[in-house]
4 protein chains.
Amino acid sequence: MILFQCDYNEGAHPKIMERLMATNMEQTVGYGEDEYCAQAAAKIRKACGNENLAVHFLVGGTQTNMTVIDAALRSHQGVLCAVSGHINVHETGAVESCGHKVMGLPSSDGKITALQVEAAYLAHVNDSSFEHMVQPKMVYISNPTELGTVYTKKELTDLSKTCRKYGLYLFLDGARLGYGLASKENDMTLADIASLCNVFYIGGTNIGALFGEAVVINNSELAGDFRYFIKQKGGMLAKGRLLGLQFDTLFTDHLYEEISAHAIAMADKLRAAFEKKGYPYLVESGTNQIFPIIPDADLEILGKQFGYCYQERVDAAHSAVRFCTSWATTEENVDALVAAISEL
Amino acid sequence: MILFQCDYNEGAHPKIMERLMATNMEQTVGYGEDEYCAQAAAKIRKACGNENLAVHFLVGGTQTNMTVIDAALRSHQGVLCAVSGHINVHETGAVESCGHKVMGLPSSDGKITALQVEAAYLAHVNDSSFEHMVQPKMVYISNPTELGTVYTKKELTDLSKTCRKYGLYLFLDGARLGYGLASKENDMTLADIASLCNVFYIGGTNIGALFGEAVVINNSELAGDFRYFIKQKGGMLAKGRLLGLQFDTLFTDHLYEEISAHAIAMADKLRAAFEKKGYPYLVESGTNQIFPIIPDADLEILGKQFGYCYQERVDAAHSAVRFCTSWATTEENVDALVAAISEL
Amino acid sequence: MILFQCDYNEGAHPKIMERLMATNMEQTVGYGEDEYCAQAAAKIRKACGNENLAVHFLVGGTQTNMTVIDAALRSHQGVLCAVSGHINVHETGAVESCGHKVMGLPSSDGKITALQVEAAYLAHVNDSSFEHMVQPKMVYISNPTELGTVYTKKELTDLSKTCRKYGLYLFLDGARLGYGLASKENDMTLADIASLCNVFYIGGTNIGALFGEAVVINNSELAGDFRYFIKQKGGMLAKGRLLGLQFDTLFTDHLYEEISAHAIAMADKLRAAFEKKGYPYLVESGTNQIFPIIPDADLEILGKQFGYCYQERVDAAHSAVRFCTSWATTEENVDALVAAISEL
Amino acid sequence: MILFQCDYNEGAHPKIMERLMATNMEQTVGYGEDEYCAQAAAKIRKACGNENLAVHFLVGGTQTNMTVIDAALRSHQGVLCAVSGHINVHETGAVESCGHKVMGLPSSDGKITALQVEAAYLAHVNDSSFEHMVQPKMVYISNPTELGTVYTKKELTDLSKTCRKYGLYLFLDGARLGYGLASKENDMTLADIASLCNVFYIGGTNIGALFGEAVVINNSELAGDFRYFIKQKGGMLAKGRLLGLQFDTLFTDHLYEEISAHAIAMADKLRAAFEKKGYPYLVESGTNQIFPIIPDADLEILGKQFGYCYQERVDAAHSAVRFCTSWATTEENVDALVAAISEL
């Protein structure tokens, strides 16, 4: 069985494993205040082109989302996002458990627009009952989105301007950011993202690390007291240097970019195979997540040998599914899947 | 200026005021443990045809909703309701502030169906990521709904069966329950509601009282420790007898029914006037809330003399608005509005 | 049975009842945006000697405490108070239910000192694990305290200075403020309190009103968006004018002061009787709450005719109890109790 | 500089690192549903002597505490613990952030007794205002405690009986459980703990793992839906097999016991050195945490070469500090510290 259902089926990049081994018995102080974390943060700041960014390391995505959002919002404030947003669907109400409403905006491709945000904001402030409603105060997007699509620089710039205009925080969930930056549709740099967002994170769990998300904050209000929130939400790893070491490795010699690019190359091979077969897509995407619509009979055949993720029923005989590649996907496995597809 | 924008513009029914005056200097114990509360609860139990119901008195609707919902749900559970539901729109995220997701279901008339509830429940339990999603555990409806519509006995029975089948609590917000029961479309009794729901409340604020909602619980799990929740959510009135006295009065000699019927009679007169004029409705309703679609030019004229509530823009030249009658609406004021309508 | 167990056994001052009756069928807009509320707020601002104060009306004390505290604190911040503070003991964890730790400081008389606050604050910031601990951000006191004692102007000034020095909000719970201001130990005016605190409230429930607390805010950060919090916590009364009317009446012609003074006069009579009898006090207080230590045998006799509140066991044969007077206490009832005491 | 300030200064036991390396590129399903987790859970069940226990793996201690406690309590319920309990002091209010009060009981050695729990429970149910107070529903203890002390089997049995008698959950935080079980004062087995507690966890972070806590649940109510809570609180590791692998290794061939015993042997050597020097203890303990009271002048000398944790000032010239050993402490480092102590 070869697994393509997600991008966290394997462990970590060998270079990370080597460093974990090499430093295993070193003594360091805890809770992310060690030298490895400091060093990794410095490299990330440099990659983002801004010496003044605050950088923090957390363990996982849900934890990071709830920590950032709860640090940003007062009790009467909520966060706007696509209805399909991870925080709205797949985090067991973590944001609501911190007391905040997630306010879903319609989206067919996982993205939301500056116009939607503006409309939602204005609808709130212009409503005579505005104090009876949750106040929008943050915009959450993910890039790539849940559906593998990416924002263009123009789209993100527009969102950023709208957020600044109305005093909303712009938060970008980059659990798969490397794959987004490496995709052909992308026209942004990490520095663009760092300057357009108030806060975002660089995913390690899905891209080369055992676990870990690097939060980058470009806003003094959000940055203040942020470590209290990390601790309160259970995200302050005792042996914090594990996070520092991993991100230090990922941000040395462009490893993060390199392994992200590998995943995209593997995905492109798969996309070619699906297209050759004539399968349409639920949503067209250029990142490491592919959502073909496949006849159920074919799926059954593929499922005997390959793991995929069931997305949704399209009609009585077709389903949309998700195939993922990752930094760890071998060309051999992709070739096996490509062959299987062509034989269907 | 004559106000028709809501059903809580005036004080309380004269009989209530008289009793408040008559008993003003009596000494009673606090927090709803007095004789008046006991007596009112007994009358409500009788009207509901069930001696075993738990009855509690709270001050207002938002407070009641958050108290009931938080008493019912564990942290990972959420409440299903119409997207237009009061808890989803007009309570500043009170339910979320208690940590629970409000899960909106589409609805054009303010109602949701047993089929929708079943689909939402099954979608959850059949999803392979179900533990990554909020677990539906309660269904919240209001009767009448936010749009003035009422559930039929068949509809409520279906909802009730579905909820029982899947272990969901059924909670009915009856802030305007009297107006619902008095409407021509209604085919239920209070006893029907009490037996079909796990918990509901009988609104006093909008129907004859200065304030107050009577929560009726038909479920031992929900009833246990309920007073702790009332206290924690700030709903335990020190001079609790004020609530007991008001509901005792409303449930003596059918006062609640009588004054509800008056509001409906007044609404029917208004409806006739709108219909004569040929105005369509945003939603057809038979209760005390009327939602005509009116040319903006006409609205401007009406607005000089009559208060109404702006609902939504329908097209460039028309708006849907809300006119409310209540137990306190005078025939004189209705006649004035009817005349103004016919003159448009 | 004559009740002395608390100060909310009766209804409202006759002048309030008269105005409720007189205005009962007037139409006003809801949610505290009516003219009566505006007028009452203006009178309270004037009594506080500051035109710039924000004034809001809520229904009850627990509700007010949780609303103010949650409006002030971010998720990682807590509130310092006496261990005996109402929020720490008698509100079913309402503050914690909003996510905030109540941090109790030792106190034998219900008061806390500027030195205690400073020590708690410095202990936090000087601890190397400070981010692993809740950050103190607000100081909650009540005046009078739970034990009937009052702060001197010097004590409150010191607290205020310490709070300002360290960026802590000072919040005074004045559920019984009138009784405090009327007591012989008091050396403050309402204006003193308004200028020394960031936020406080003037209790109506215990002093002449059917219910209601007037929150006075002297801080722009706290004042911003405060109505969202009132709504979210279930404290926004639909018929808000009921609150405006009551406070307008209490702040007309010094009614609030006058009826508070009456309660103190009644309490002083009772104190004289207990002292004559030689009963010691659990805590000496000069307000409307008296805490004598009484032989159990005597208590049993008193208890047949008079209601009191059991406070705590002092030794095998003695208990501390609470007797309360209020604006509504009749001299006749006090005389009856005085006579009963002297006969013990 | 040799660090003795805590027991998480190093990485993981070499056997764990080897397995992480050996399995790094294996593909497994995520979120703890892999074979390694199943295998580790089976070994833990066996070590606990009960096939019916539910076992779950989380990343860290604060996360585990908040997840277990929030899964157990309804909103009006609180958790009893020693005032010095980790949840009460060093988790930035994580439990309160979930809405629950932490109710501290006095303790000089970090332990609480069955009698204290009973008294607290009875004080609640016998108070006439019980519904105005948080309802105690869980007892949290840690073993070893924050002060390195351990519960005897008799003490834990008494706590367990009291909890069962009054319907309280008994929860044991075993972040350092191995060190407790290995200490000379201990007279319990893992099976004893598993049968006496409703829920407890076996700490990996402090004992041999990179991170990880194994939660063991012996109660069907708590066990139900527990994975929803893990996800909601951000504790569901994507690459869950990292946790399974680590605990599988720790519970193979008694590794967990063996490395725990090493830490105790190292601590015993240190204790002998402090005793020889004549330093008293803040609290006597037999586990891996030692709390000597040391003259400040001596501390300054030691501090140049050895890391320790400052605990509290004892008098003008003496401080209590904490020295920790762990599975990773080398005899060489201990000998260096012993030598330094004897030279003071």
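Residues numbered from 1 in each chain as written. Chains lettered and ligands numbered in written order. Predicted model: local features only at pLDDT ≥ 70, side-chain atom pairs only at ≥ 80, totals over all residues.

J.: Mind showing me how you'd approach the interface of chain A and chain D here?
T.: Interface size is commonly expressed as the accessible surface area that is lost when the partners come together. Facing 39 residues of chain A, the contacting portion of chain D comprises 41 residues. Among the residues making up the side of chain A that touches chain D, the classes are represented as 18 nonpolar, 17 polar and four charged. (Contact = placed C-beta atoms within 7 Å. Nonpolar A, V, L, I, M, F, W, Y, C, P; charged D, E, K, R; others polar.)

J.: For this particular structure, what's the right way to read the interface of chain B and chain D?
T.: Taken together, the contacts link 14 residues of chain B with 14 residues of chain D. Broken down by element, the side of chain B that touches chain D gets its largest block of residues, five residues, from helix H11 (residues 226-232) of chain B. Here the side of chain B that touches chain D is built from residues that sort into three nonpolar, six polar and five charged. (Helix = DSSP H or I, 4+ residues; strand = E, 2+ residues; numbered from the N terminus.)

J.: Help me out: how do you make sense of the relation of the copies chain A and chain D in this one?
T.: These two copies of the chain differ by a rotation about an axis and a displacement along the same axis. At an RMSD of 0.0 Å, chain A and chain D line up after a rotation of 180 degrees and a shift of 0.0 Å along the axis. These values place the two chain copies in the arrangement generated by a two-fold rotation axis. Interface overlap between copies is the fraction of interface residues in one copy that are interface residues in the other; for chain A against chain D it reaches 100%, indicating a shared surface. (Least-squares fit on C-alpha atoms with pLDDT ≥ 70 in both.)

J.: Could you clarify how one ought to interpret unusual backbone geometry in this entry?
T.: Note on backbone geometry: most residues besides glycine have negative phi, and most peptide bonds are trans. A cis amide bond, omega -5 degrees, links Asn143 of chain A with the succeeding residue Pro144 of chain A. Assignment of secondary structure puts Pro144 of chain A in the loop between strand S5 (135-142) and helix H7 (153-166). Of note in the backbone geometry, His254 of chain B takes a positive phi value of approximately 60 degrees without being a glycine. By the secondary structure assignment, His254 of chain B is in the loop between helix H12 (241-250) and helix H13 (255-277). By C-beta crowding, His254 of chain B is classed as exposed, having 12 other C-beta atoms within 10 Å. (Buried ≥ 20, exposed ≤ 12 C-beta atoms within 10 Å, placed from the backbone.)

J.: How should the relation of the copies chain B and chain D be read in this particular structure?
T.: In screw terms, the move from chain B to chain D is a rotation of 180 degrees and a rise of 0.0 Å along the axis, fitting with an RMSD of 0.0 Å. Residue by residue, 100% of the interface of chain B is reproduced at the interface of chain D, so both copies engage with the same surface.

J.: Sorry, what's going on with the nonpolar core here?
T.: As a rule of thumb, nonpolar side chains are buried together in soluble globular proteins. In terms of nonpolar packing, the biggest core is built from 225 residues, with Val139, Phe171 and Val216 of chain A together with Val139, Phe171 and Val216 of chain D touching the most fellow members. Counting 223 residues, the second largest nonpolar core, distinct from the first, contains Leu58 of chain B together with Met236, Phe251 and Ile341 of chain C. (Core = buried A, V, L, I, M, F, W, Y, C linked by C-beta atoms within 7 Å.)

J.: Help me understand helix H15 (residues 331-343) of chain D in this model?
T.: In an α-helix, one full turn covers 3.6 residues, which means residues spaced three or four apart are oriented alike. Residues and elements named next belong to chain D. With 13 residues, H15 ought to run about 18 Å at 1.5 Å a step, and its terminal C-alpha atoms sit 18 Å apart, in line with that. Regarding H15, the residues found buried are Val334, Leu337 and Ile341. When H15 is viewed along its axis, its buried side chains cluster within an angular range of 65 degrees and face the same direction. Facing away from the buried side of H15, by more than 90 degrees, are the exposed residues Glu332, Ala339, Ser342 and Glu343. Looking at the buried residues of H15, the elements they touch are strand S1 (2-3), helix H13 (255-277) and strand S11 (306-307). (Expected span 1.5 Å × (residues − 1). Arc of directions from axis to C-beta.)

J.: Explanation requested: the packing of helix H1 (residues 14-22) of chain D against helix H12 (residues 241-250) of chain D in the structure shown.
T.: Two numbers describe a pair of packed helices, the interaxial angle and the distance between the axes. All names here are of chain D. Relative orientation of the contacting elements H1 and H12 amounts to 140 degrees, with a least axis distance of 9 Å. As far as their axial angle goes, H12 and H1 are oblique. Seen from above, H1 lies across H12 with right-handed handedness. In this structure, H1 contributes Lys15, Ile16, Arg19 and Leu20 to the contact, and H12 contributes Leu245, Gln246 and Thr249. Among the residues forming the contact of H1 with H12, the class breakdown is three nonpolar, two polar and two charged. (Axes fitted to C-alpha atoms, helices over the stretch in contact; angles between N-to-C directions. Parallel < 35°, antiparallel > 145°, perpendicular 65-115°, else oblique. Left-handed = near helix turned anticlockwise from the far one by under 90°.)

J.: What is the right way to look at the sheet that holds strand S8 (residues 213-217) of chain C in this model?
T.: For sheets, the rule is that strands pair by backbone hydrogen bonds, running either parallel or antiparallel. Residue and element names in this part refer to chain C. In spatial order, the strands read S2-S8-S7-S6-S5-S3-S4; together these seven strands make up an open sheet with mixed pairing. Each of the sheet's edge strands pairs with one partner strand only, and the pair in question is strand S2 (54-58) and strand S4 (102-105). Here the strands of the sheet are splayed against their neighbours by 25 degrees on average, with no regard to which way each runs. As judged from the four bridges shared by strand S3 (residues 77-82) and strand S5 (residues 135-142), these two strands associate in the parallel manner. Residue Gln77 lies in a different strand from S5, and its bridge partner there is Gln135. Sitting on the sheet, helix H7 (residues 153-166) is in contact with S5 and strand S6 (169-173), with an inclination near 145 degrees to S6. (Pairing = 2+ DSSP bridges.)

J.: Mind showing me how you'd approach the domain arrangement of chain A here?
T.: Residues and elements named next belong to chain A. Examined at the domain level, chain A breaks down into domain 1 (2-7 + 256-343) and domain 2 (14-254). Opposite the 19 residues of domain 1 that make contact, domain 2 presents 21 residues. Considering each element in turn, the side of domain 1 that touches domain 2 owes the most residues, eight residues, to helix H13 (residues 255-277). Taken together, the residues of the side of domain 1 that touches domain 2 sort by class into nine nonpolar, seven polar and three charged. (Domains from an automatic or database assignment.)

J.: Which parts of the structure should I look at to understand helix H7 (residues 153-166) of chain B?
T.: All names here are of chain B. The first and last C-alpha atoms of H7 sit 20 Å apart over 14 residues, in line with the 20 Å expected at 1.5 Å per residue. Taken as a whole, H7 has its buried residues at Leu156, Leu159, Ser160, Thr162 and Cys163. Looking straight down H7, one finds that the buried residues subtend no more than 165 degrees of arc, so they occupy a single side. Seen from the buried face of H7, the exposed residues on the opposite side, beyond 90 degrees, are Lys154 and Lys165. Close packing links the buried residues of H7 with helix H6 (114-126), strand S5 (135-142), strand S6 (169-173) and helix H9 (190-196). Remark: Gly167 follows H7 within two positions and exhibits a positive phi of approximately 70 degrees.

J.: Explanation requested: the sheet that holds strand S7 (residues 199-203) of chain D in the structure shown.
T.: Residue and element names in this part refer to chain D. Ordered by their spatial adjacency, seven strands build an open sheet running S2-S8-S7-S6-S5-S3-S4, and the pairing between neighbours is mixed. Each having just a single partner strand, strand S2 (54-58) and strand S4 (102-105) make up the two edges of the open sheet. Ignoring which end each strand starts from, the neighbouring axes of this sheet average 25 degrees apart. Pairing between strand S3 (residues 77-82) and S4: four bridges, direction parallel. Directly across from Leu80, in S4, lies its bridge partner Met103. Against the sheet, helix H3 (residues 61-72) engages S2, S3, strand S5 (135-142), strand S6 (169-173), S7 and strand S8 (213-217), with an angle of about 20 degrees to S8. Sitting on the sheet, helix H7 (residues 153-166) is in contact with S5 and S6, with an inclination near 145 degrees to S6.

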